[in-house]
Amino acid sequence: MNFRAYFIFIYSLFLSAAEFYISNSSVGHKHYPHHVFLIIEMFPFPFLFFNLGKIISAISNGCLLFLTIFDSFISYKCKAVTDANIIAVLGTNKNELVSMLHTVNIIVLMISVLSFCCFIYLFYIFGRFNKKIMKISSIMLFPLFMNFCYVLTQTLTNKKITRTYDIASQLRFELPGVLGDMLFAILISSHSGDPLYVTPVVRHIVRDPSITRKNGEKIHNIVFVMGESSLATHYGIYGYKAANTTPVLDKYKEQGKICVIQNSHSAADMTRSSVPMTFSFFSPKQQDTLLSEKNIIELAQDQDYKTFWISSQDGTGPYARNYGYISEFSNYVTRGDLNNTENGIRSAQDDTLLPVIKQKFADTAPYKLYVIHIYGSHQNYDDKITLQDVKELPQAITYDQSIHHTDRLIGEIMDMAKQELGDYTLIYTSDHGEIVGVGHGIQYGGYDQYNVPFLMYDPSKKYCNIAEEFEEKRGYYSSLVNKYILLSMLGYPFSEPEIEKLIPDDIILHSDSKVYDYKSIPQ
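Undergrad: Can you break down the overall build of the protein chain residue by residue, with the values?
TA: The number of helices and strands found in the protein chain is 22 helices and 11 strands. For 523 residues, the compact-globule estimate of 2.2 N^0.38 gives 24 Å, and the protein chain sits close to it at 25 Å. For the C-alpha atoms alone, the extent of the protein chain along its principal axes is close to 80 × 55 × 45 Å. Across the 523 residues in the protein chain, those meeting the buried criterion constitute 55%.

Undergrad: Describe in detail a nonpolar patch on the surface, supporting the description with residues and values.
TA: On the surface, a nonpolar cluster with roughly 440 Å² of combined accessible area is contributed by Phe66, Leu67, Phe70, Met182 and Ile186. Within the residue set of the nonpolar patch, elements represented by two or more residues are helix H4 (54-78) and helix H11 (178-189). Looking at the nonpolar patch, the element that brings in the most residues is H4, giving three residues.

Undergrad: How would you summarise helix H13 (residues 271-279) if you had to cite specific residues and measurements?
TA: Within H13, nine of the nine residues are buried, leaving the element largely enclosed by the surrounding structure. Buried within H13 we find Thr271, Arg272, Ser273, Ser274, Val275, Pro276, Met277, Thr278 and Phe279.

Undergrad: Describe unusual backbone geometry, and please don't skip the residues or the numbers.
TA: Gln379 connects to Asn380 through a cis peptide bond whose omega is -5 degrees. Counting through the fold element by element, Asn380 comes out in the loop between strand E6 (368-373) and helix H18 (387-392). A positive phi angle is found at Asp304, which is not glycine, with a value near 70 degrees. Its place among the elements puts Asp304 in the loop between helix H15 (296-302) and strand E4 (306-311). By relative accessible area, which is 59% here, Asp304 ends up exposed. Residues other than glycine seldom take positive phi values, yet Asn339 does so here, at roughly 50 degrees. Turning to its location among the elements, Asn339 is positioned in the loop between strand E5 (332-334) and helix H17 (354-361). Residue Asn339 is classed as partly exposed on the basis of its relative accessible area, which comes to 33%.

Undergrad: Give a detailed account of the pattern of salt bridges, specifying residues and quantitative values.
TA: Scanning the model with the defined rule gives 15 salt bridges in all. Between Lys294 and Asp302 there is a salt bridge, with the nearest N and O atoms lying 2.7 Å from each other. Judged by its relative accessible area of 12%, Lys294 falls in the buried class. Note that Arg321 and Glu328 form a salt bridge whose closest N and O atoms lie 2.8 Å from each other. For Glu328, a relative accessible area of 23% corresponds to the partly exposed category. A single salt-bridge network, built from bridges that share partners, covers Arg321, Glu328, Arg335 and Asp337.

Undergrad: I'd like a description of the packing of helix H5 (residues 83-90) against helix H10 (residues 164-174), backed by residues and values.
TA: Direction vectors running N to C along H5 and H10 enclose 115 degrees, while the axes themselves pass 11 Å from each other. Remark: the crossing between H5 and H10 carries right-handed chirality. Every residue of H10 that contacts H5 at Asp83, Ile86 and Ile87 is listed here: Tyr165, Ser169 and Arg172. A breakdown of the residues in the contact of H5 with H10 according to their chemical character gives three nonpolar, one polar and two charged.

Undergrad: Any details on the pairing of strand E7 (residues 425-430)? Residues and values, ideally.
TA: With respect to burial, E7 is a largely interior element, six of its six residues being buried. With six bridges connecting them, strand E1 (residues 221-227) and E7 associate as parallel partners. Its bridge partner lying in E7, Val225 is registered against Tyr428. Where E7 and strand E8 (residues 454-457) come together, four bridges link them in antiparallel fashion. Counted as the bridge partner of Tyr428 is Leu455 from E8.

Undergrad: Tell me about the state of the cysteines, and name the residues and values.
TA: In total, this model carries one disulfide according to the counting rule given. Here Cys259 is linked by a disulfide to Cys464, with a sulfur-sulfur distance of 1.9 Å. Looking along the S-S bond of the Cys259-Cys464 disulfide, the torsion reads about -80 degrees, which is the left-handed sense. Taken together, the residues Cys259 in strand E2 (residues 259-260) and Cys464 in helix H20 (residues 462-474) connect sequence positions 205 residues apart. Residue class for Cys464 comes out buried when judged on its relative accessible area of 3%. No disulfide involves Cys63; its sulfur sits 13 Å from the nearest other cysteine sulfur, which is in Cys117.

Undergrad: Describe the sheet that holds E6, naming the residues involved and giving the relevant values.
TA: What the seven strands build is an open sheet, ordered E2-E8-E7-E1-E6-E4-E5; its pairing is mixed. Either end of the sheet is taken by a strand with one partner, and the two such strands are E2 and E5. Pairing of E1 with E6 involves six bridges; the strand directions are parallel. Within the sheet, the bridge partner assigned to Val223 lies in E6 and is Tyr370. Taken strand by strand, H17 contacts E1, E4, E5 and E6, and its axis lies near 175 degrees from that of E6.

Undergrad: Which residues make up the environment of Leu52, and what are the values?
TA: Among the secondary structure elements, Leu52 is positioned in the loop between helix H3 (45-49) and H4. Given the relative accessible area of 23%, Leu52 is considered partly exposed. Sequence separation between Leu52 and Ile133 is 81 residues; the distance between their C-alpha atoms is 9.4 Å.

Undergrad: Please set out the packing of aromatic side chains residue by residue, giving values where relevant.
TA: Scanning the model with the defined rule gives 34 aromatic pairs in all. Both rings, one in Phe9 and one in Phe43, keep their centres 6.3 Å apart while their planes meet at 75 degrees; by these two values the pair is edge-to-face. Of this pair, Phe9 sits in helix H1 (residues 3-24) while Phe43 sits in the loop between helix H2 (34-42) and H3, and the two are 34 residues apart along the sequence. Among the aromatic residues, those joined into a ring-pair cluster are Phe3, Phe7, Tyr11, Phe50, Phe119, Phe123 and Phe126. Just above the ring of Tyr367 sits the side chain of Lys218; from NZ or CZ to the centre is 4.2 Å.

Undergrad: Quick one: what's the story with the environment of Lys160, residue by residue and with numbers?
TA: Counting through the fold element by element, Lys160 comes out in the loop between helix H9 (142-156) and H10. Given the relative accessible area of 76%, Lys160 is considered exposed. Through-space distance from the C-alpha of Lys160 to that of Tyr375 is 38 Å; in sequence the pair is 215 residues apart.

Conventions adopted
Residues numbered from 1 in each chain as written. Predicted model: local features only at pLDDT ≥ 70, side-chain atom pairs only at ≥ 80, totals over all residues. Heavy atoms only, no water. Helix = DSSP H or I, 4+ residues; strand = E, 2+ residues; numbered from the N terminus. Rg over C-alpha atoms; globule rule 2.2 N^0.38 Å. Buried < 20%, exposed > 50% of the residue type's maximum accessible area, 1.4 Å probe, protein only. Patch = residues over 30% accessible without salt bridge, like charges linked within 9 Å, V, L, I, M, F, W, Y side chains within 5 Å. Areas by Shrake-Rupley, 256 points an atom, 1.4 Å probe, with all protein chains shown as cover. Salt bridge = Lys/Arg side-chain N within 4 Å of Asp/Glu carboxyl O. Axes fitted to C-alpha atoms, helices over the stretch in contact; angles between N-to-C directions. Left-handed = near helix turned anticlockwise from the far one by under 90°. Contact = heavy atoms within 4.5 Å. Nonpolar A, V, L, I, M, F, W, Y, C, P; charged D, E, K, R; others polar. Pairing = 2+ DSSP bridges. Disulfide = S-S within 2.5 Å. Phe/Tyr/Trp six-rings, centres within 6.5 Å; stacked < 30°, edge-to-face > 60°. Lys NZ or Arg CZ within 6 Å of the ring centre and 35° of its normal.

Keep in mind that these numbers describe shape and distance, not what the molecule does.
Next up, the structure:
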C-alpha cells in the first residue's frame, strides 16, 4: 500500500471519528447503534472524492473537511448541539462573525488556516481520476442513498410534519451528524413562503383570550430597553463587588428612583425565543401565537399609541426573524439591517442609537411606545465597550466593562427621556443571561444564562408593585410577566393575581426546544 492509500485511509478514519463525536453531541437525536451504521455507510465518501480528479478532489474533500471541523467545533463549544444552536450559527451576520473572530487567538487562527490550505493541497496532489474505484465507491455508498431515500419518504409522508422546520428537524433526527446538520441548515435557510418573511407584514385580527378589558389607565410614554446577554450577578445593583459596573443605576437605586427586582429570570436562553415572549404571546407552550395573534406592537396601536422600534440588532435571517418580524409592525422601525443608512445606525454599535432615540423622543404624539433593542454584552465583549469604560474600570474583565457601558447607555436614555418626554415609564431587562467567557444557548449551561436584571423607572410605583408581588409569591420574577406589565401600561389592565393565573407554572423554553420547569433545567 503506497503513501496515498495510507493517507486516504487515515483521513477516512479521522472523518469517521469526528462523525461519531458530532452525532453523539446531537441532543434528542438517534444515537447508538443507529449512528454507527450511518458512519459506516458514509465511510466510502473520501474514496469516491479522491478518485474524481484533482480539482474535484480538492473541492469536495475540502468542503467535507471544513463542515466536519466546523461541526466538531460547535459540538465542543455547545457540548450538546440542538436545532436552535444551528439556527443561531446560520443567523450570524457579517458583523457578528468579525466580532467572534476577535475572540480567537490570531496565531491559532493563522495556523488553522495554513493547515487547512495544506490539506487542500494534499487533496489536490492525491486526486486521481480512477473510474474503477469511483464505481466501487459509488456502489458502497448505495446503502446510504437508500437510507436517505427511506428517511426522506417517511418524513414527507408523515401528515403530522408540515412545516419546513419540522421536516429539517426530523431529517436531522434520523441522520445525526454532519449529513443531518447540513440538510437541516440547507432547509432552514430556504425560507421562501414562510409567513415570517411576508413583506409588508400582514396585521392580525385575533386578540389573545387573556385580553378582556381595554379601558385602563394609560401611560403617555413607555420606554422598554431590551438588553442582550446580561448576567444580573455582574451588576452593582445586585451586589456585585468585583468592579463598579453600574454607577448610574446604583445612584438611581439609592435615590429610590428605580425599583429593582432581585430574583429575575428569562423564559429562554436564546434571543430568538426570549424577545418574542415579551413583545407577543409567543410562549414556551404556545409558539404558534407569534403568527396567529396580535402582538404587543399591534395592541399598542389599537390603543392609539405611536410605536417605535429602535435596534442595533438585525431582524432578518433564520435566527433573528422571530423578533425582526414583530419589529416591522411598528410605525417607525430602524435596525442594524433596516432603514439605517440615513440615520447612521450600525449593527452591534449601541451608541449609534442615541441620536435616533433623541430625535424620536421629540415626536409630538400624545401616546408613544418605544422599544430599544441593544447589543449589550453579546460576545465578543471587546467591541461592546469604549475607552471610557476601560478608563473607569481599568482592572475589570471585559465583560464587566460591557455592563458598565450598558449602564451609561441607560443613564443617557433616561436623561433624554426626562428632557424630551417628561412623563414616562421605563423598563430595562435582558433577553437572557450569559455564561461569562462561554456564551449562552448551552444545553448544560445552568442558571447563569437565565439570570437577568429587571428594573423599572415607575413614578407611580403601580407597575413596580405588580412585579414585586409576583416575585414575592413565586420566589422569582419570570420574563413571561413582561408582556402583561406592558399591556397594563397600555391600558389593558392586569392585576398580579390575574397574571398569576395566566402563568400557572414557572416554565422556560430551553435551547433544545423543550419546555422545562425553571427549577429543573438541564445542568
